[in-house]
Every structure is written in C-alpha cells, then in structure tokens.
Amino acid sequence: MEERCRAKRGVVGPVAVVVAEDRGGCPLCDGPMVVQKNAPRRGQTLAHGRFEAQETIYVCAAACRWPAGARVTRRAAGLCEALMPKSNFGYDVMVLVGQQRFGHHRQREEIQSALREEHGITISTGELSELSRRFTAYRGRLHRTRGGQLAATLATDGGWPLHVDATGEAGRGTLLIVMAGWRRWILGAWKIATERADLVLPCLREVVHRFGAPCAAMRDLGKAMTPALADLVAERELTIPVLACHQHFVADVGKDRLEPAHAELRGLFRRAKVRPHLSALGRDLGRQLGTNVEQARQAVRDWQSQEATEPRIEGGRNGLAVVRSLAQWTLDFKVAASGLDFPFDRPYLDLYERCLTALRATDAFLRTPPPDRQVTSALKRFHRALAPVDCQVPFSPVATRLRRHAVLVDELRTVLRLASVYPEAETEQELTQMRDPLDEWVASLAKRRPARGPAQDIREAIDVILRHMDDHGNTLWGQAIRLPEGAGGGVRLVARTNALAENFFKRLKHDERRRSGRKNLGQELEHLPAEAVLVYKLEYDDYVQIVCGSLDRLPATFAELDQLERQRRLNGEPSKDREDDLRTILQLASASLSTADRRVVRTEEMERRIDAAARSRAPRRQK
Ligand SMILES: [Zn+2]
C-alpha cells in the first residue's frame, strides 16, 4: 500500500487501495474466520498521504464473543497501526501536529500550511486543535503507562528529590507540576482551581503512588505547598528532609521589608512624570539631529574620550547629541539590575540614583554653559525633568528608608550566596560554609537590634528576619542526601532553590507568549492541557529511551497503547488509568459549584427537604 501511495503522490484526490489481510484463525477457538463486511475507509497519514482503503473485516465463523460481549472480529492490522480509532488521521499526523504546537510553539495556520505543502494533507484548524488536544492526552497516557519503568530508573539513582511548584496568571489557569530534580523529569502535571493545600495533596499522593517516595522535597514557603508536603510526609511516615527554597526565603524577607518603600518611590516617579519627560526630550533631540545618527554617535564617543578636567559640553549638533545621550543613559537604569526579580533588584532605587548623578553632572555642565543657546536650553530642559527627584521631600526620605532596609536584605543574600545567578553545582562543604555564617549573622542581628529610640523601622526589619528564621530555619538545611550502596554510595546534593521548577514555568510562559502574541496569558493557560508540559520532556533522551525508545517510535507507541486498551476493554478489564479519578477529586475539591451540581443544589425541593429534615424530631433510640 505504502509503495502504491508513494508512487501516486502528487495526484489530486485520494489514492484508492485495497487492504488484503491474512484472515488467520479466531484467537479464542482457533477456528476459521469469515468475511463480515467490506467497508471503505478514508485516511490521511504522513506515510501514505491521502487514501481511500477497502477494508475487509472478518468475524469468527463460530460466533465467539469476548468476555465483555463483543463478537470476535479482525480488522486490517495495517490500518489500525496507521489510523487512530474514530478518526481519518494517522497517528503520525497527530504526533507531528502535537510536536509542532507544544514542542515548537507554532500557530495553527503555520502547521496547516506545512502539512499541505510538505505532506499533501488537508486539515481544518478545528481538526488541528482536536489533534493537538488528543496528542496531549496520549502523552499523558504514555507517561502513566510507563510509570513502573520510570520509577525503576529513578530508584537506580538512589531516589529522586521532589520539586513542586505552581503557576498561573492573575489567578487563572493554575498549573501544578512535580519534578524529579536530579533528572529534571516532570513526573506529574495538573490544572487546579487555585493553589491550595487540599488540591495539591492529592496530586502529591498520586506521584508518590506511581513513582515511589522521594528522597527529599523542595518547595517555596507558601501557604499551599508547606502544609501539603507536611501532610504527605506525615501520612506516609517519611523521614526525608523537606527543604525551603533559599531564594524564596530571602525574597520573602526582602518583599516584606522593601515593597512598601519601593512602591512609594515608583509612585513618586509616576507623579513627577520623570520618565515620560526624559523620553520626550530624547525623541525631540533625535528629531533635531535628523538622519545622521552615526555622526551624532561619533560626537558622543569623542566627548567621552576628552580629558575630564573641566565638565563642559560644546555647542551645535555635537552638543545636542551629548545631551540626548545623557537622557538615554538616565533611562537605561535597568542595566544596573542583576537579572533577578524584585526584591533582589530594586529598579526604582537604581533610577533614583541615576537621576541624582545626572542632576549633579548637569549642574556642573551649566556652570560653564555650552557656547550656544540651543544646547543650553536642551540641557536646562534635561535639568527640569530631573529636578523633582532632588527634593528633600518626598523622594529623599523614601529612598533612604529603602536603602537602609536593602542593606539587611543584601547581607542575608550574601551570606546565602544568592548574589546573582543561582548556584548549580555546590559541594557539601560549601553548604556548611554558608550555614555557620548564617547562624552567626542571625545572632549578630539580635545584638544590633536597637531596644528603643527612633530607629523603629530597623527594629521591625530585624524582627521580620528573626521571625522568618524561627518559622523556616529548620527547613533551610539538609540538602546532602546519602545514596544507598546500590546507587554507588556517597553524597548527592538536592538543589537549595526551586529554580528548576520555576525556570521551567518561565520558559513555558515565554514560549506561550511568543506563540499567542499575548502578554497576558490567563486565557492561554486556562486552555492549555496540563499534559502539554509533558511534551517538553521529549527533549530528555533518557526519558524518551524509556517511554518509547526513540522519538520516531512515538506514533507506533501510541497505536500500541490503543490496541492494548482495546483488548482490555474487550476482555472486560477495568481501565488502568487512575488519572480520571484524580481529576474528579480535583474538581469536587474546588470551591465553586459545577454547573451540573448547581442545577441540582439550587432548587426549592432541596431547601424543602433540608428544612423538613431540620425540623423533624429525632426518633427514639432503641436499646
Ligand atoms: Zn472463535
């Protein structure tokens, strides 16, 4: 069939083929099979293009039935391996669509035209959506079916550290993942109504049921993950370290202390319209300089290389170019950031400091004014835009407060070595070298804490840190895991931040943003099937090796799953996939009533029944 189709490719319309299957014997009684019917079946696969097959279906002459009651029949094996049940599309088409959508983040229209041009396959965008949804469902099934093999591999490592994290966008589309840290595999992904302990716990249970207990757990300090993991550890009687993420620990302290002042500073900048004024100045000067930008740049470079014995700016176009570059430099305050989010970076404090520096410099440039009026007036305009920042009230006290609190947060950050990038490969010794200084630093805080007097905010800041140490101190250490002899012995460290899980989410959101062209991902995340994140794992060779051998085996592997599932159904065996049960639990546990439930619950009859029951008298107890 394949050869005929290949030969005819390029011909308009489907290729007609006859599927002649060896009828064989009945798998139950070994007796002969007879023709039940001939049926046409249309299909589209990457391997064959578009075709129309005449399929002969055989049935047991002795009318055997499977335990579940269906007659014993035999369909064309070649078609079953190529086409999905109840679909005209091949497994290979679905896999390509799913990989393009979730692995390469292509839009539907792009996939549609690629299929048409490269494979001669016509498909509507609605069918594309359906195929990509089906793909994620198959990915989930494959992942769960291979749970035993994956668990065995994790066991040979000497266990797996559990990383758990959730993300969403403005409370929508909350996605929970559990990762095996050392291999970076995602072991489970679910959509949950909201990040809450009673929704997280059943998912953790499910992962442990499938992959065995972890050797450690890493989490943030949140109100959902903390109790959910505590409950899991208690009910399974696990003796594993449950670790708080160091980055979250510092961020928590930092946000608590720095957020109010930072927000106040941002508000001041907005009200004074400093940034819009600077941008407008830059734009206007750019327009005046016209098309010869390169000359303007050269003027700035020349100015930079001059001996700075006397601060001055020359006249003419070169002077204007320099003023423009001053405005640009001030607005470029984000370059001072380390790349981590607030509170590790405080962008508005950086902007504040840049503005002050620029202002001092401009004062100096104006002391020996530029020789022409145009440049002087541009410089004065720059000065006016910055001037509000220089007020003693209100900018200065807010910035001072922010700086004072930042000192404490930065000390903590330095002790925990979270200065810029997260540590990847540390040693046990390095951990010890952090732990002791942290204890010493905390002890020193208690001494530095002013008992009374005007330094109330410092007192509060120190109290916040001490309280955090009390609450979380016992979950900060324990990253060194002793491996069993079978796994080579020795020590392996669990990451001391949850960056693994968080970076995964960052990447997912980045990819989805790029694909959808939307900044707010609420809707995208809501519609994204949880299993879509499993597609990312197909980048890990060790994982692919276990679940399907190699990526090009994926369509055939999905077809095998369907055949096994079909045989189980015929035999009347229950489906092995527990995932549906868990989804039901997650739905029931969510706070809001489902539409179906609401129709039942919000009725007068309901009220009447409850009311009547409440007023009824208790029957006398019988002894
Ligand atoms: Zn039979």
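Remember, it's a predicted structure, so these values are computed and weren't measured experimentally. (Residues numbered from 1 in each chain as written. Predicted model: local features only at pLDDT ≥ 70, side-chain atom pairs only at ≥ 80, totals over all residues. Heavy atoms only, no water.)

1. Comments concerning the overall build of the chain
The secondary structure content of the chain amounts to 24 helices and 11 strands. Expressed as a percentage of its 623 residues, the buried residues of the chain come to 45%. Within the chain, contacts between residues at least 6 apart in sequence are counted, and of these 71% link residues at least 24 apart. Of the roughly 32700 Å² that the chain leaves accessible, carbon and sulfur atoms contribute 50%. (Helix = DSSP H or I, 4+ residues; strand = E, 2+ residues; numbered from the N terminus. Buried < 20%, exposed > 50% of the residue type's maximum accessible area, 1.4 Å probe, protein only. Contact = heavy atoms within 4.5 Å. Areas by Shrake-Rupley, 256 points an atom, 1.4 Å probe, with all protein chains shown as cover.)

2. Looking at the nonpolar core
Soluble globular proteins tend to bury their nonpolar side chains together. Counting residues in each nonpolar core, the largest one holds 81 residues, and the members touching the most others are Met-94, Leu-115, Trp-160, Leu-176, Ile-177, Leu-204 and Phe-558. It is helix α7 (residues 197-211) that provides the largest number of residues to this core, a total of nine residues. Those residues within four positions of Leu-115 in sequence are excluded, and the remaining contacts are Leu-46, Val-93, Leu-96, Val-97, Gly-120, Ile-121, Ile-123 and Leu-128. (Core = buried A, V, L, I, M, F, W, Y, C linked by side-chain atoms within 4.5 Å.)

3. So, the side chain of His-468
Looking at the secondary structure, you find His-468 in helix α17 (residues 456-472). Beyond its immediate chain neighbours, meaning those up to four positions away, His-468 contacts Leu-221, Phe-249, Asp-252, Val-253 and Gly-473.

4. Observations concerning the packing of aromatic side chains
Applying the stated criterion to the full structure yields 10 aromatic pairs. Plain terms: the ring middles of Phe-269 and Tyr-348 are 5.9 Å apart, the flat faces sit at 45° to each other, and that makes the pair tilted. Remark: Tyr-348 occurs in helix α13 (residues 347-367) and Phe-269 occurs in helix α9 (residues 246-272); sequence separation between them is 79 residues. Looking at Phe-269, the relative accessible area reads 3%, which means it is buried. Pairwise contacts between aromatic rings join Phe-269, Phe-333, Tyr-348, Tyr-352 and Phe-395 into one cluster. (Phe/Tyr/Trp six-rings, centres within 6.5 Å; stacked < 30°, edge-to-face > 60°.)

5. As for the layout of surface pockets
Each pocket or cavity is described by its volume, and for the largest pocket that value is around 940 Å³. Secondary structure elements with two or more residues in the lining of the largest pocket: β4 (73-74), α2 (77-82), α5 (125-145) and α21 (554-570). With eight residues, α21 is the largest single contributor of residues to the lining of the largest pocket. Looking at the lining of the largest pocket residue by residue, the class counts come to 13 nonpolar, three polar and 12 charged. Counting residues per element, the ones that place at least two in the lining of the second largest pocket are β5 (161-169), α9 and α18 (499-516). If one sorts the elements of the lining of the second largest pocket by residue count, α18 sits on top with six residues. (1 Å grid on protein atoms, 1.4 Å probe; cavity = no way out; pocket = protein on both sides within 12 Å on 5 of 7 lines; lining within 4 Å. Points joined across faces, edges and corners; volume = space filled by probe spheres on them. Nonpolar A, V, L, I, M, F, W, Y, C, P; charged D, E, K, R; others polar.)

6. Digging into the coordination of the zinc ion
Of the protein atoms, only Cys-26 (SG), Cys-29 (SG), Cys-60 (SG) and Cys-64 (SG) coordinate the zinc ion, at distances of 2.3 to 2.4 Å. Around the zinc ion sit four donor atoms; with metal-centred angles ranging over 106 to 119°, the donor geometry is tetrahedral. Read in sequence order, the donor residues for the zinc ion give the motif C-x2-C-x30-C-x3-C. Of this pair, Cys-29 sits in the loop between β1 (15-19) and β2 (33-45) while Cys-60 sits in strand β3 (residues 49-60), and the two are 31 residues apart along the sequence. What makes Cys-60 buried here is its relative accessible area of 2%. (Donors = N, O, S within 2.8 Å, 3.2 Å for Na, K, Ca; no water. Tetrahedral: all angles 85-135°; square planar, octahedral: opposite > 155°, others 65-115°.)

7. Observations concerning the sheet that holds strand β8 (residues 216-219)
Picture the strands of a sheet paired through backbone hydrogen bonds; they go either parallel or antiparallel. Ordered in space as β7-β6-β5-β8-β9, the five strands form an open sheet in which the pairing is mixed. Edge positions in the sheet fall to β7 (185-191) and β9 (242-244), since each has one partner strand and no second. The mean inter-strand angle of the sheet, taken between neighbouring strand axes irrespective of direction, is 20°. In this structure, β5 lies alongside strand β6 (residues 172-180), joined through seven bridges in antiparallel fashion. Across the sheet, residue Glu-169 finds its bridge partner in β6, namely Arg-172. (Pairing = 2+ DSSP bridges. Axes fitted to C-alpha atoms, helices over the stretch in contact; angles between N-to-C directions.)

8. A word on the confidence of the model for the chain
Note that predicted coordinates carrying low pLDDT should not be read in detail. The share of residues in the chain with pLDDT of 70 or more is 89%, and the mean pLDDT across the chain is 85. Per-residue pLDDT stays below 50 along residues 6-12; that stretch engages in six contacts with residues further than four places along the chain or on separate chains. (pLDDT = per-residue confidence, 0-100.)

9. Focus on the packing of helix α3 (residues 91-103) against helix α4 (residues 108-119)
Following both chains from N to C, one finds α3 and α4 inclined at 135°, their axes separated by 11 Å at the closest point. In terms of axis orientation, α3 runs oblique to α4. Here the hand of the crossing between α3 and α4 comes out right-handed. Contact with α3, carried on its side by Val-93, Leu-96, Val-97, Gln-100 and Arg-101, involves Ile-111, Leu-115 and His-119 of α4 and no other residues of that element. In terms of residue class, the contact of α3 with α4 is built from five nonpolar, two polar and one charged. (Parallel < 35°, antiparallel > 145°, perpendicular 65-115°, else oblique. Left-handed = near helix turned anticlockwise from the far one by under 90°.)

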